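# Observations on chain architecture
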Amino acid sequence: MTQKRFDAVGIGLNSADQFCVVREYPTANTKSGVLEMVRAGGGQAATAMAALARLGLRAAYIGAVGDDEAGAFSLASLEAEGVNVEGVVTQKGRASQFALIIVQREGDVEEKGSRTILWRREVSLAPEDVREEVVRAGRALHLDGHHVEAEIAAARWAREEGAPVFLDAERAPEGIEGLIGLTDYLIAVEDFPALFTGVSDHHEALRLLHAMGPRVVGVTLGARGALAYDGTRFYESPGFHVDVLDTTGAGDAFHGAFLYGVLRKMGLEDTLRFANAVAAMNCTALGGRAALPRLSEVGAFLQANSPRECP
(Lines give C-alpha, C1' and ligand atoms only; values in the text may rest on other atoms or scores of the structure.)
Protein backbone atom coordinates (compact mmCIF):
# COMPACT_ATOMS: atom_id res chain seq x y z
CA MET A 1 0.00 0.00 0.00
CA THR A 2 1.30 3.45 -0.95
CA GLN A 3 2.52 5.56 1.98
CA LYS A 4 0.08 8.38 2.62
CA ARG A 5 1.24 11.98 3.18
CA PHE A 6 -1.31 12.62 5.94
CA ASP A 7 -2.80 10.58 8.75
CA ALA A 8 -6.04 12.55 8.37
CA VAL A 9 -7.56 15.23 6.17
CA GLY A 10 -10.30 17.42 7.62
CA ILE A 11 -12.91 19.30 5.59
CA GLY A 12 -15.20 21.94 7.03
CA LEU A 13 -15.19 25.17 8.97
CA ASN A 14 -12.37 27.39 10.18
CA SER A 15 -12.85 30.60 12.15
CA ALA A 16 -11.15 33.62 13.66
CA ASP A 17 -12.59 33.65 17.19
CA GLN A 18 -12.67 36.64 19.53
CA PHE A 19 -13.31 35.52 23.12
CA CYS A 20 -14.89 37.90 25.60
CA VAL A 21 -15.02 36.74 29.23
CA VAL A 22 -17.73 38.18 31.49
CA ARG A 23 -18.75 37.43 35.06
CA GLU A 24 -22.35 36.73 34.11
CA TYR A 25 -24.09 36.79 30.78
CA PRO A 26 -25.43 40.34 30.25
CA THR A 27 -29.12 41.11 30.12
CA ALA A 28 -30.63 43.41 27.51
CA ASN A 29 -30.10 47.19 27.81
CA THR A 30 -27.31 46.96 30.39
CA LYS A 31 -23.58 47.64 30.48
CA SER A 32 -21.13 45.01 31.72
CA GLY A 33 -17.39 44.94 32.30
CA VAL A 34 -15.14 42.51 30.41
CA LEU A 35 -12.74 40.36 32.45
CA GLU A 36 -10.54 39.13 29.61
CA MET A 37 -10.29 39.12 25.81
CA VAL A 38 -8.39 36.61 23.67
CA ARG A 39 -8.21 35.93 19.95
CA ALA A 40 -7.73 32.38 18.69
CA GLY A 41 -8.30 30.08 15.74
CA GLY A 42 -11.43 27.95 15.70
CA GLY A 43 -13.89 26.04 13.53
CA GLN A 44 -15.01 22.42 13.86
CA ALA A 45 -12.91 20.57 11.29
CA ALA A 46 -9.98 22.95 11.64
CA THR A 47 -9.78 22.50 15.41
CA ALA A 48 -10.13 18.71 15.14
CA MET A 49 -7.09 18.72 12.84
CA ALA A 50 -5.19 20.97 15.26
CA ALA A 51 -6.00 18.50 18.06
CA LEU A 52 -4.72 15.61 15.97
CA ALA A 53 -1.52 17.49 15.16
CA ARG A 54 -0.92 18.24 18.86
CA LEU A 55 -1.20 14.49 19.50
CA GLY A 56 1.61 13.88 17.02
CA LEU A 57 -0.10 12.84 13.78
CA ARG A 58 0.09 14.42 10.32
CA ALA A 59 -3.01 16.49 9.62
CA ALA A 60 -4.23 18.49 6.62
CA TYR A 61 -7.17 20.88 6.43
CA ILE A 62 -9.39 21.76 3.45
CA GLY A 63 -11.74 24.73 3.68
CA ALA A 64 -12.41 28.24 2.45
CA VAL A 65 -11.33 31.68 3.61
CA GLY A 66 -11.89 35.17 2.26
CA ASP A 67 -9.15 37.54 1.17
CA ASP A 68 -9.33 39.35 4.50
CA GLU A 69 -7.35 39.59 7.71
CA ALA A 70 -9.57 37.05 9.50
CA GLY A 71 -8.80 34.46 6.83
CA ALA A 72 -5.07 35.11 7.07
CA PHE A 73 -5.30 34.73 10.85
CA SER A 74 -7.20 31.44 10.57
CA LEU A 75 -4.61 29.96 8.24
CA ALA A 76 -1.70 31.18 10.35
CA SER A 77 -3.23 29.62 13.46
CA LEU A 78 -3.42 26.23 11.70
CA GLU A 79 0.08 26.45 10.26
CA ALA A 80 1.37 27.25 13.75
CA GLU A 81 -0.01 23.88 14.87
CA GLY A 82 1.71 22.07 11.99
CA VAL A 83 -1.52 21.51 10.02
CA ASN A 84 -1.09 21.47 6.23
CA VAL A 85 -3.35 24.07 4.52
CA GLU A 86 -2.46 23.64 0.85
CA GLY A 87 -6.06 22.57 0.15
CA VAL A 88 -7.58 25.81 1.46
CA VAL A 89 -9.19 28.05 -1.18
CA THR A 90 -9.23 31.85 -0.91
CA GLN A 91 -12.43 33.47 -2.19
CA LYS A 92 -11.97 37.11 -3.16
CA GLY A 93 -14.46 39.63 -1.87
CA ARG A 94 -16.04 37.25 0.65
CA ALA A 95 -15.78 37.44 4.42
CA SER A 96 -14.02 34.64 6.29
CA GLN A 97 -15.81 33.20 9.29
CA PHE A 98 -15.54 35.41 12.35
CA ALA A 99 -17.05 34.60 15.73
CA LEU A 100 -17.56 36.63 18.90
CA ILE A 101 -17.69 34.18 21.79
CA ILE A 102 -19.01 35.34 25.16
CA VAL A 103 -17.75 33.10 27.98
CA GLN A 104 -19.37 33.16 31.43
CA ARG A 105 -16.80 33.00 34.25
CA GLU A 106 -19.15 32.53 37.22
CA GLY A 107 -22.37 30.67 37.99
CA ASP A 108 -23.37 27.12 38.90
CA VAL A 109 -21.74 23.98 37.45
CA GLU A 110 -23.80 24.10 34.26
CA GLU A 111 -23.24 27.82 33.64
CA LYS A 112 -19.55 28.24 34.48
CA GLY A 113 -17.47 28.17 31.32
CA SER A 114 -20.55 28.11 29.09
CA ARG A 115 -20.37 30.18 25.94
CA THR A 116 -22.62 32.04 23.54
CA ILE A 117 -21.40 32.33 19.95
CA LEU A 118 -22.22 35.10 17.48
CA TRP A 119 -20.82 34.47 14.02
CA ARG A 120 -20.64 35.69 10.45
CA ARG A 121 -19.50 33.75 7.36
CA GLU A 122 -19.72 34.44 3.60
CA VAL A 123 -17.30 31.81 2.27
CA SER A 124 -18.50 28.34 1.30
CA LEU A 125 -16.96 25.20 -0.17
CA ALA A 126 -18.26 23.70 -3.43
CA PRO A 127 -17.28 20.27 -4.79
CA GLU A 128 -15.00 21.85 -7.39
CA ASP A 129 -13.11 23.64 -4.58
CA VAL A 130 -11.95 20.37 -3.02
CA ARG A 131 -8.55 19.14 -4.19
CA GLU A 132 -8.93 15.44 -4.89
CA GLU A 133 -5.22 14.70 -4.54
CA VAL A 134 -5.17 16.08 -0.99
CA VAL A 135 -8.17 13.96 0.03
CA ARG A 136 -6.64 10.83 -1.47
CA ALA A 137 -3.37 11.55 0.37
CA GLY A 138 -4.98 10.91 3.77
CA ARG A 139 -5.29 7.69 5.76
CA ALA A 140 -8.64 9.02 7.05
CA LEU A 141 -11.13 11.76 6.21
CA HIS A 142 -12.89 13.92 8.81
CA LEU A 143 -15.99 15.98 7.89
CA ASP A 144 -18.17 18.41 9.83
CA GLY A 145 -21.29 18.44 7.65
CA HIS A 146 -21.28 22.13 6.73
CA HIS A 147 -20.58 21.65 3.00
CA VAL A 148 -22.59 18.52 2.19
CA GLU A 149 -22.08 18.29 -1.59
CA ALA A 150 -18.34 18.91 -1.33
CA GLU A 151 -18.03 16.45 1.54
CA ILE A 152 -19.95 13.74 -0.32
CA ALA A 153 -17.52 14.05 -3.23
CA ALA A 154 -14.57 13.83 -0.83
CA ALA A 155 -16.07 10.86 1.03
CA ARG A 156 -16.38 8.94 -2.24
CA TRP A 157 -12.70 9.54 -3.02
CA ALA A 158 -11.72 8.45 0.49
CA ARG A 159 -13.81 5.30 0.15
CA GLU A 160 -12.03 4.48 -3.12
CA GLU A 161 -8.73 4.78 -1.25
CA GLY A 162 -9.97 2.50 1.55
CA ALA A 163 -9.76 5.39 4.04
CA PRO A 164 -12.37 5.54 6.82
CA VAL A 165 -14.72 8.53 6.85
CA PHE A 166 -15.52 10.32 10.12
CA LEU A 167 -18.46 12.72 10.52
CA ASP A 168 -18.99 15.33 13.24
CA ALA A 169 -22.80 15.48 13.01
CA GLU A 170 -24.11 18.78 14.35
CA ARG A 171 -26.65 19.88 11.74
CA ALA A 172 -29.19 18.14 9.52
CA PRO A 173 -29.02 20.06 6.22
CA GLU A 174 -30.55 18.79 2.98
CA GLY A 175 -28.59 15.82 1.65
CA ILE A 176 -27.09 14.75 4.98
CA GLU A 177 -28.57 11.26 4.48
CA GLY A 178 -26.22 10.69 1.54
CA LEU A 179 -23.25 11.75 3.63
CA ILE A 180 -24.24 9.48 6.52
CA GLY A 181 -24.40 6.55 4.09
CA LEU A 182 -20.73 7.17 3.19
CA THR A 183 -19.62 7.54 6.82
CA ASP A 184 -17.76 4.90 8.85
CA TYR A 185 -17.69 6.71 12.23
CA LEU A 186 -20.48 9.16 13.05
CA ILE A 187 -20.23 11.05 16.34
CA ALA A 188 -23.04 13.56 16.90
CA VAL A 189 -23.74 16.41 19.27
CA GLU A 190 -26.32 15.65 21.94
CA ASP A 191 -29.42 16.89 20.13
CA PHE A 192 -28.61 15.61 16.62
CA PRO A 193 -29.93 12.02 16.96
CA ALA A 194 -33.38 13.22 18.02
CA LEU A 195 -33.35 16.06 15.48
CA PHE A 196 -32.51 13.71 12.63
CA THR A 197 -34.47 10.56 13.57
CA GLY A 198 -37.38 12.06 15.51
CA VAL A 199 -36.63 9.61 18.35
CA SER A 200 -35.73 11.17 21.70
CA ASP A 201 -34.14 8.07 23.26
CA HIS A 202 -30.44 8.10 22.44
CA HIS A 203 -30.11 4.31 22.34
CA GLU A 204 -32.93 3.85 19.86
CA ALA A 205 -31.85 6.86 17.78
CA LEU A 206 -28.29 5.49 17.53
CA ARG A 207 -29.66 2.13 16.38
CA LEU A 208 -31.50 3.92 13.58
CA LEU A 209 -28.39 5.88 12.58
CA HIS A 210 -26.27 2.72 12.63
CA ALA A 211 -28.73 1.04 10.26
CA MET A 212 -27.93 3.74 7.69
CA GLY A 213 -24.41 2.40 7.19
CA PRO A 214 -21.79 3.64 9.71
CA ARG A 215 -19.69 1.06 11.56
CA VAL A 216 -19.87 3.08 14.77
CA VAL A 217 -22.30 5.80 15.81
CA GLY A 218 -22.13 7.88 18.96
CA VAL A 219 -23.16 11.04 20.74
CA THR A 220 -21.19 13.44 22.92
CA LEU A 221 -22.91 14.40 26.16
CA GLY A 222 -20.81 17.28 27.50
CA ALA A 223 -19.65 16.76 31.07
CA ARG A 224 -21.45 13.39 31.11
CA GLY A 225 -19.07 11.94 28.53
CA ALA A 226 -20.16 9.99 25.47
CA LEU A 227 -22.31 7.09 24.31
CA ALA A 228 -21.48 4.90 21.30
CA TYR A 229 -22.92 1.89 19.49
CA ASP A 230 -21.09 -0.51 17.18
CA GLY A 231 -24.05 -2.63 16.09
CA THR A 232 -23.44 -5.17 18.84
CA ARG A 233 -23.30 -3.26 22.11
CA PHE A 234 -23.50 0.19 23.62
CA TYR A 235 -20.48 1.83 25.23
CA GLU A 236 -21.16 4.39 27.96
CA SER A 237 -18.03 6.41 28.67
CA PRO A 238 -18.26 8.95 31.51
CA GLY A 239 -16.55 12.33 31.35
CA PHE A 240 -13.82 13.70 33.62
CA HIS A 241 -14.10 16.36 36.29
CA VAL A 242 -11.94 19.43 35.59
CA ASP A 243 -11.98 23.10 36.56
CA VAL A 244 -13.80 24.45 33.50
CA LEU A 245 -12.83 27.85 32.14
CA ASP A 246 -14.28 27.60 28.63
CA THR A 247 -16.14 24.77 26.86
CA THR A 248 -15.45 26.13 23.35
CA GLY A 249 -13.87 23.50 21.14
CA ALA A 250 -14.45 20.59 23.54
CA GLY A 251 -16.40 18.66 20.94
CA ASP A 252 -13.84 19.43 18.23
CA ALA A 253 -11.05 18.22 20.52
CA PHE A 254 -13.07 15.04 21.18
CA HIS A 255 -13.29 14.37 17.44
CA GLY A 256 -9.57 14.85 16.89
CA ALA A 257 -8.80 12.49 19.76
CA PHE A 258 -11.38 9.96 18.58
CA LEU A 259 -9.68 9.97 15.17
CA TYR A 260 -6.36 9.38 16.91
CA GLY A 261 -7.72 6.40 18.82
CA VAL A 262 -9.14 4.74 15.72
CA LEU A 263 -5.99 5.35 13.68
CA ARG A 264 -3.88 3.93 16.50
CA LYS A 265 -6.19 0.88 16.59
CA MET A 266 -7.35 1.42 20.16
CA GLY A 267 -10.51 -0.44 21.15
CA LEU A 268 -13.71 1.60 21.10
CA GLU A 269 -13.93 1.76 24.89
CA ASP A 270 -10.36 3.05 25.19
CA THR A 271 -10.89 5.46 22.29
CA LEU A 272 -13.91 7.02 23.97
CA ARG A 273 -12.08 7.37 27.28
CA PHE A 274 -9.08 8.93 25.51
CA ALA A 275 -11.33 11.37 23.61
CA ASN A 276 -13.23 12.33 26.77
CA ALA A 277 -9.92 13.10 28.47
CA VAL A 278 -8.72 15.35 25.63
CA ALA A 279 -12.08 17.16 25.53
CA ALA A 280 -11.99 17.74 29.30
CA MET A 281 -8.41 19.00 29.23
CA ASN A 282 -9.32 21.45 26.48
CA CYS A 283 -11.90 23.07 28.76
CA THR A 284 -9.27 24.24 31.25
CA ALA A 285 -8.13 27.33 29.30
CA LEU A 286 -9.73 30.14 27.37
CA GLY A 287 -10.03 29.42 23.64
CA GLY A 288 -10.95 26.46 21.51
CA ARG A 289 -7.34 25.28 21.12
CA ALA A 290 -5.45 26.83 24.04
CA ALA A 291 -5.37 23.66 26.12
CA LEU A 292 -5.19 21.02 23.39
CA PRO A 293 -2.82 18.47 24.96
CA ARG A 294 0.24 16.63 23.75
CA LEU A 295 0.12 12.83 23.87
CA SER A 296 2.33 12.64 26.97
CA GLU A 297 0.02 15.08 28.77
CA VAL A 298 -3.02 12.93 28.01
CA GLY A 299 -1.23 9.89 29.39
CA ALA A 300 -0.39 11.71 32.62
CA PHE A 301 -3.97 13.00 32.91
CA LEU A 302 -5.45 9.52 32.48
CA GLN A 303 -3.13 8.10 35.13
CA ALA A 304 -4.07 10.83 37.59
CA ASN A 305 -7.81 11.07 36.96
CA SER A 306 -10.77 8.76 37.10
CA PRO A 307 -13.93 9.40 35.06
CA ARG A 308 -16.70 11.22 36.92
CA GLU A 309 -19.92 9.46 37.89
CA CYS A 310 -22.46 9.65 35.08
CA PRO A 311 -25.96 10.55 36.28
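Keep in mind that this is a model prediction, so the values were computed, not measured.

### Points about the overall build of the protein
Within the protein, the regular secondary structure consists of 10 helices and 14 strands. Whereas a compact globule of 311 residues would reach a radius of gyration of roughly 19 Å, the protein reaches 18 Å, a difference of no more than 12%. When the backbone C-alpha atoms are referred to their principal axes, the protein occupies close to 55 × 50 × 40 Å. Here the protein holds 311 residues, and the buried ones make up 55% of them. In the protein, the share of contacts with a sequence separation of at least 24, taken over all contacts with a separation of at least 6, comes to 67%. Put simply, the protein shows about 13,600 Å² of open surface, and 49% of that area lies on carbon and sulfur atoms.

### Thoughts on the packing of helix H8 (residues 250-263) against helix H9 (residues 268-282)
Between two packed helices, both the angle of their axes relative to each other and the distance between the axes serve to describe the pair. Running from N to C, H8 and H9 point in directions that differ by 145°, and their axes come no closer than 8 Å. Crossing handedness for the pair H8 and H9: right-handed. For the pair H8 and H9, the contacting residues are Ala250, Ala253, Phe254, Ala257, Phe258, Tyr260, Gly261 and Val262 in the first and Leu268, Thr271, Leu272, Phe274, Ala275, Asn276, Val278, Ala279 and Asn282 in the second. Of the residues in the contact of H8 with H9, the class split is 13 nonpolar, four polar and no charged.

### Observations regarding the sheet that holds strand S8 (residues 115-120)
Paired through their backbone hydrogen bonds, the strands of a sheet run either parallel or antiparallel. An order of S3-S2-S7-S8 is seen for the four strands of this open sheet, with the pairing classed as mixed. In this open sheet, the two edge strands, each paired with only one partner strand, are strand S3 (36-42) and S8. Across the sheet, the mean angle separating the axes of adjacent strands is 20° when strand polarity is ignored. Where strand S2 (residues 15-22) meets S3, seven bridges bridge the pair, whose relative direction is antiparallel. Looking at the pairing, serine 15 lines up with glycine 42 of S3. On the sheet, helix H2 (residues 69-80) packs against S2 and S3 and is oriented at approximately 75° with respect to S3.

### Focus on the state of the cysteines
Applying the stated criterion across every chain, the model contains zero disulfides. Note on cysteine 20: no disulfide assigned, nearest cysteine sulfur contributed by cysteine 283 at a separation of 19 Å. Overall, the relative accessible area of 8% leaves cysteine 283 in the buried class.

### Description of helix H4 (residues 148-161)
Each full turn of the α-helix corresponds to 3.6 residues, which orients residues three or four apart in the same direction. Between its first and last C-alpha atoms H4 spans 20 Å; for 14 residues at 1.5 Å apiece the expected length is 20 Å, and the two agree. The secondary structure elements touched by the buried residues of H4 are strand S1 (8-11), helix H3 (132-136), strand S9 (141-143), strand S10 (165-169) and helix H5 (176-180).

### Describing the environment of leucine 268
Its place among the elements puts leucine 268 in helix H9. Residue classification places leucine 268 among the buried residues on the basis of a relative accessible area of 16%. Taking the C-alpha atoms as reference points, leucine 268 and valine 216, separated by 52 residues in sequence, lie 9.0 Å from one another. Each residue touching leucine 268, except ones within four places of it in the same chain, is listed here: Val216, Ala228, Asp230, Tyr235 and Phe258.

### Quick notes on the packing of aromatic side chains
Per the counting criterion, the structure on display carries eight aromatic pairs. Relative to phenylalanine 301, the ring of phenylalanine 240 lies with its centre 5.3 Å away and its plane at 65°, an arrangement referred to as edge-to-face. Here phenylalanine 240, found in the loop between strand S14 (234-237) and H8, pairs with phenylalanine 301, found in helix H10 (residues 295-304); they are 61 residues apart in sequence, far enough to count as distant. You can call phenylalanine 240 buried: its relative accessible area is 5%.

### Remarks on the pattern of salt bridges
Taken as a whole, this structure holds 17 salt bridges when the rule is applied. With a shortest N-O distance of 2.5 Å, glutamate 161 and lysine 4 are connected by a salt bridge. Here glutamate 161, found in helix H4, pairs with lysine 4, found in the segment before S1; they are 157 residues apart in sequence, far enough to count as distant. We classify glutamate 161 as partly exposed; its relative accessible area is 28%. We classify lysine 4 as buried; its relative accessible area is 11%. In this structure, glutamate 161 engages arginine 136 in a salt bridge whose closest nitrogen and oxygen atoms are separated by 3.0 Å. Placement of the pair is glutamate 161 in helix H4 and arginine 136 in helix H3, with a sequence separation of 25 residues. Ionic contacts of the salt-bridge type, sharing partners, join the residues Lys4, Glu132, Arg136, Glu160 and Glu161 into one network.

The rules we used
- Residues numbered from 1 in each chain as written.
- Predicted model: local features only at pLDDT ≥ 70, side-chain atom pairs only at ≥ 80, totals over all residues.
- Heavy atoms only, no water.
- Helix = DSSP H or I, 4+ residues; strand = E, 2+ residues; numbered from the N terminus.
- Rg over C-alpha atoms; globule rule 2.2 N^0.38 Å.
- Buried < 20%, exposed > 50% of the residue type's maximum accessible area, 1.4 Å probe, protein only.
- Contact = heavy atoms within 4.5 Å.
- Areas by Shrake-Rupley, 256 points an atom, 1.4 Å probe, with all protein chains shown as cover.
- Axes fitted to C-alpha atoms, helices over the stretch in contact; angles between N-to-C directions.
- Left-handed = near helix turned anticlockwise from the far one by under 90°.
- Nonpolar A, V, L, I, M, F, W, Y, C, P; charged D, E, K, R; others polar.
- Pairing = 2+ DSSP bridges.
- Disulfide = S-S within 2.5 Å.
- Expected span 1.5 Å × (residues − 1).
- Phe/Tyr/Trp six-rings, centres within 6.5 Å; stacked < 30°, edge-to-face > 60°.
- Salt bridge = Lys/Arg side-chain N within 4 Å of Asp/Glu carboxyl O.

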